[in-house]
Amino acid sequence: RRYRLSLVGPHSVELGRLRGLRELDVLSEQIIVVAEVGGDGAFSGAMLDLAGLKINSNNNSHTSTISRLEIRLSDANPKETERLDPGFEVSLSADNVDILHLNVHRLGSKIRKVRAGFKLIGEISKYDKAAADAWRQAGGTLEVQWLQVVWGALDFRAVGTVALDDELRPLAAMTADIRGFVAALQALAAAGMISSSAARTGSMALSLIATPSSDGSPSVLTVPLTAQDGGLFLGPVRLARLPILFH
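Computed from a predicted model, the values in this text were never measured in an experiment.

Visitor: Can you help me understand a nonpolar patch on the surface in this one?
Guide: On the surface, a cluster of nonpolar side chains totalling about 240 Å² of accessible area is made up of Phe43, Leu73 and Phe88. By secondary structure assignment, the location of Phe43 is in strand β3 (residues 43-57).

Structure below.
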């Protein structure tokens, strides 16, 4: 069975403080919620579709907008894996994400497109250290089925697998296709996320292994994106230090 709730016209939702987050005022021009229930009455999936989304925080001094946001949640097929009982699948689609306080030099504040699909393998009973460690020891993974972010000159696409190491830090093995990687590294340096020297070294090293395009568009860099030993690496270049996620 499928249940659908459609709310057309401006709707405002106030969200109180959650885990230290500031109060949020969410305004949407359209809200569509769909829930799917199997023949046995068990939940099988859901969809949330928001259009004309505005998020105000800090007494309306910061406003972020998203022209369209769609999130889908569904049970993973139990037949797809024998290693673990599957968890669930999530897909996300967002257009024109304008986050003003994240205005980054060379990239801007508007993320034109975000597309993502994930499958969580294995159940996590709670969002805490003990549950995360049990999930890790049982072989739990987050399968990144697709991921694309188009932000200014950057067009980033990746697939792969993410897990946790024995210190509960991200452990990832992914393959990334990147256009506009030089501008992205410069933007990260301007934002203070990496050093200027790392940006220069990374730009030179990665340009040597990028594939030139035949139509004059930016070169495509196909490179491993990995997380290990507490570091995030794009090919041979260490981009950032990764934190312990659960304490």
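So much for the structure itself; the text now carries on.
Visitor: Whenever I open this one, the side chain of Asp49 confuses me. Can you help?
Guide: If you trace the backbone, Asp49 turns up in strand β3. A polar side-chain atom of Asp49 sits 2.8 Å from a polar atom in the side chain of Arg68.

Visitor: Please clarify how the confidence of the model for the chain should be interpreted in this entry.
Guide: Interpreting fine coordinate detail is not advised for predicted regions of low pLDDT. Per-residue pLDDT for the chain has a mean of 84; in total, 85% of the residues score no lower than 70. Low pLDDT (under 50) marks residues 78-84, which in the prediction has 13 contacts with non-local residues, meaning those over four places away or in another chain.

Visitor: I tried to follow the pairing of strand β11 (residues 231-234) on my own but got confused; where do I start?
Guide: Every regular strand shows the same layout, with side chains that alternate between the two sheet faces. In terms of strand pairing, strand β10 (residues 220-228) meets β11 through four bridges, oriented antiparallel. Across the sheet, Gln228 pairs through a bridge with Gly231, a residue of β11. Between β10 and β11, which follow one another and run antiparallel, lie two residues, and Asp229 among them has a positive phi close to 50°. Following β11, the chain reverses through two residues before pairing antiparallel with strand β12 (residues 237-241); Gly235 in that reversal takes a positive phi of roughly 60°.

Visitor: What's the story with the nonpolar core in this structure? I'm lost.
Guide: Soluble globular proteins tend to pack their nonpolar side chains together in the buried interior. Of all hydrophobic cores here, the largest spans 39 residues; its most connected members are Phe156, Ile178, Leu206, Leu221 and Leu234. Looking at this core element by element, the count peaks at five residues for helix α2 (residues 181-190). If we ignore the near neighbours within four places in the chain, the residues touching Ile178 are Leu154, Asp155, Phe156, Ser219, Val220, Leu221, Val223 and Leu234. Formed by six residues, the second largest nonpolar core is a distinct cluster that contains Leu120, Ala132, Trp135 and Leu164.

Visitor: For this particular structure, what's the right way to read the pairing of strand β9 (residues 170-179)?
Guide: Side chains of β9 alternate between two faces, with Pro170, Ala172, Met174, Ala176 and Ile178 buried and Leu171, Ala173, Thr175, Asp177 and Arg179 left unburied. Sheet topology places strand β8 (residues 154-164) next to β9; ten bridges connect them, and they run antiparallel. By the bridge assignment, Val159 is partnered in β9 with Thr175. Hairpin connection between β8 and β9: a loop of five residues separates the two successive antiparallel strands, and Leu168 in this loop has a positive phi of roughly 65°. Looking at chain direction, β9 and β10 are connected through eight bridges and run antiparallel. Bridge pairing links Arg179 to Val220 in β10.

Visitor: Please clarify how α2 should be interpreted in this entry.
Guide: Because an α-helix completes one turn every 3.6 residues, residues spaced three or four positions apart along the sequence face the same direction. For α2, the full list of buried residues reads Phe181, Ala183, Ala184, Leu185, Ala187 and Ala189. Buried residues along α2 sit in contact with β8, β9, α3 (196-209), β10 and β12. Phi turns positive one or two residues past the end of α2, at Gly192, with a value near 80°.

Visitor: Where do I start with the pattern of salt bridges in this structure?
Guide: A pair can form between side chains of opposite charge whenever their charged atoms are brought close. Summed over all chains, the structure comprises nine salt bridges. Put simply, Glu36 and Arg2 hold a salt bridge, and the shortest N to O gap is 2.6 Å. Residue Glu36 is found in strand β2 (residues 24-37), and its partner Arg2 is found in strand β1 (residues 2-15); the two are separated by 34 residues along the sequence. Of the residues examined, Glu36 reaches a relative accessible area of 28% and is grouped as partly exposed. Notably, a salt bridge pairs Asp165 with Arg169, separated by 2.9 Å at the nearest N-O pair. Like Asp165, the residue Arg169 is buried in the burial classification. Residues joined by salt bridges that share partners form a network here, namely Asp165, Glu167 and Arg169.

Calculation rules
- Residues numbered from 1 in each chain as written.
- Predicted model: local features only at pLDDT ≥ 70, side-chain atom pairs only at ≥ 80, totals over all residues.
- Heavy atoms only, no water.
- Patch = residues over 30% accessible without salt bridge, like charges linked within 9 Å, V, L, I, M, F, W, Y side chains within 5 Å.
- Areas by Shrake-Rupley, 256 points an atom, 1.4 Å probe, with all protein chains shown as cover.
- Salt bridge = Lys/Arg side-chain N within 4 Å of Asp/Glu carboxyl O.
- Helix = DSSP H or I, 4+ residues; strand = E, 2+ residues; numbered from the N terminus.
- Polar contact = N/O pair within 3.5 Å; in protein donor to acceptor, adjacent residues only side chain to side chain.
- pLDDT = per-residue confidence, 0-100.
- Contact = heavy atoms within 4.5 Å.
- Pairing = 2+ DSSP bridges.
- Core = buried A, V, L, I, M, F, W, Y, C linked by side-chain atoms within 4.5 Å.
- Buried < 20%, exposed > 50% of the residue type's maximum accessible area, 1.4 Å probe, protein only.

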